[in-house]
Amino acid sequence: MNRLPIGVFDSGVGGLSVLREIRALVANEDLLYIADSAHVPYGEKPHAFVRSRAIALAQFLIDHGAKAIVVACNTATAIAIAALRERFAVPVIGMEPAVKPAALKTRARSIGVLATNSTLTSDRFAGLIARFAGDVAVHVRPCPALVEQVEQGDIASETTREVVRDYVVPLLDLGVDTIVLGCTHYPFVRTLIADVAGPRVDIVDPNSAVARELQRQLNRNHLGAPADHHGKEKFWTSAEPEDVQPVMIQLWGKEIIVLRLPKLSSVRADSRG
Ligand code: DGL
């Protein structure tokens, strides 16, 4: 039994879509969450910056007792997961666009992947396509404006619907029948995406699979908290808490306090993953 918390981070509020799956699966674990909102979007930042930030955030979480780290960000996973695993001894769980389940699901043999620029141009993503897409056509679409809308908590307005339309309609015109949400911000606009895409299009995200993988790793490493422990959450942001807290309350669906993340010293990381 291990009462230490699980550390989770993202470039911003998007990773809360992963955190809620984790909370739904493991009610007895304490969870730490960092929204690195001062540096969102990671998808448009140099890889070296994202890698160094990921290491600094994971170090902060480990300094606060984290017994495992969840990188609740496809972009940071694509860029930094190898560096994190090399540096830290705790289990590090990452995430990647759900190309495999989408390729199994599509009847039209054509899928769309919404993700950040960095994820879509990464070697890890190229590897996913090579391994799992087979004869399936994969149409990709970076959606930076969607990240901005979610960061503002603007997840249901007409403006956001327009943004979704701009990204999704070209994919529909290409004949996709399955859309992968390859960025943790997008599940918060899933309803709009489903609305624009229509009932014949399946939408897949890897979030519940990530929560299950975390649970497996906790069990395998004998790191689970006592079954009767009532799990709590603690939140930080690197931006102004008074700006970010209302959006996090909206997306998390409960009153929470968001603390200011202290300034972290930047970490030099070599160029590997
Ligand atoms: N939420 C992040 C992801 O899953 C990225 C958003 C961003 O910072 O660009 O990729």
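That block above? That's the structure.
What counts as what
- Residues numbered from 1 in each chain as written.
- Predicted model: local features only at pLDDT ≥ 70, side-chain atom pairs only at ≥ 80, totals over all residues.
- Heavy atoms only, no water.
- Salt bridge = Lys/Arg side-chain N within 4 Å of Asp/Glu carboxyl O.
- Helix = DSSP H or I, 4+ residues; strand = E, 2+ residues; numbered from the N terminus.
- Buried < 20%, exposed > 50% of the residue type's maximum accessible area, 1.4 Å probe, protein only.
- Contact = heavy atoms within 4.5 Å.
- Near = heavy atom within 4 Å.
- Areas by Shrake-Rupley, 256 points an atom, 1.4 Å probe, with all protein chains shown as cover.
- 1 Å grid on protein atoms, 1.4 Å probe; cavity = no way out; pocket = protein on both sides within 12 Å on 5 of 7 lines; lining within 4 Å.
- Sits in = over half its atoms within 2 Å of the grid points.
- Nonpolar A, V, L, I, M, F, W, Y, C, P; charged D, E, K, R; others polar.
- Points joined across faces, edges and corners; volume = space filled by probe spheres on them.
- Pairing = 2+ DSSP bridges.
- Axes fitted to C-alpha atoms, helices over the stretch in contact; angles between N-to-C directions.

Caption draft 1: Layout of the pattern of salt bridges. Overall, the coordinates contain 13 salt bridges when judged by the stated rule. Glu96 is the partner of Arg124 in a salt bridge, and the nearest nitrogen-oxygen pair spans 3.2 Å. Taken together, the positions of Arg124 in helix α6 (residues 123-132) and Glu96 in the loop between β4 (92-93) and α4 (99-105) put the pair 28 residues apart, joining distant regions of the chain. Under the relative-accessibility criterion, Glu96 is labelled partly exposed at 29%. Where salt bridges share partners, they join Arg107, Asp177 and Asp202 into one cluster.

Caption draft 2: Molecular detail of the environment of Ile179. Mapped onto the secondary structure, Ile179 falls in strand β7 (residues 178-181). Exposure remark for Ile179: the relative accessible area of 0% places this residue in the buried category. Counting along the chain gives 61 residues from Ile179 to Ser118, while the straight-line C-alpha distance between them is 18 Å. Once residues lying within four places of it in the same chain are set aside, the contact partners of Ile179 are Gly112, Leu114, Val168, Ala197, Val201, Asp202, Ile203 and Val204.

Caption draft 3: Spatial organisation of the site of the ligand. With respect to spatial proximity, 14 residues lie near the ligand, and among them Ser11, Tyr42, Gly43, Asn74 and Thr75 are the closest. Out of a free accessible area of 300 Å², the ligand has 99% covered by protein chains. Judged by the fraction of its atoms near the pocket grid, the ligand is located in the largest cavity. Looking at the shell around the ligand residue by residue, the class counts come to six nonpolar, seven polar and one charged.

Caption draft 4: Seen up close, empty space enclosed by the protein. Enumeration over the complete set of coordinates arrives at three cavities of 30 Å³ or more. Within this model, the largest cavity holds a volume of roughly 80 Å³. Taken together, 15 residues form the lining of the largest cavity, with Ser11, Thr75, Thr116, Cys183 and His185 sitting closest to its centre. Of the residues belonging to the lining of the largest cavity, the class tally is six nonpolar, eight polar and one charged. Of the pockets and cavities examined, the second largest cavity occupies roughly 60 Å³. Every residue lining the second largest cavity is listed: Asn74, Thr77, Ala78, Met95, Glu96, Pro97, Thr119, Ser122, Arg124, Phe125 and Leu128. Of all elements in the fold, only α3 (74-87) and α6 reach the threshold of two or more residues within the lining of the second largest cavity.

Caption draft 5: Representation of the pairing of strand β9 (residues 233-237) in the model. In the sheet, strand β2 (residues 31-35) pairs with β9 via five bridges, with the strands oriented parallel. Directly across from Ala35, in β9, lies its bridge partner Thr237. As defined by bridge partners, β9 adjoins strand β10 (residues 258-260) across three bridges and the pair is classed as parallel. Bridging across to β10, Trp236 finds its partner in Leu259.

Caption draft 6: How the structure looks around the sheet that holds β4. Across the sheet, which stays open at both edges, the six strands sit in the order β4-β3-β1-β2-β9-β10 with parallel pairing between neighbours. The open sheet has two free edges, formed respectively by β4 and β10, since each of these has just one partner strand. Both strand β3 (residues 68-71) and β4 contribute to a ladder of two bridges, which runs parallel. Within the sheet, the bridge partner assigned to Ile69 lies in β4 and is Val92. With respect to the sheet, helix α2 (residues 47-63) is in contact with β1 (6-10), β2, β3 and β9, its orientation differing from that of β1 by roughly 155°.

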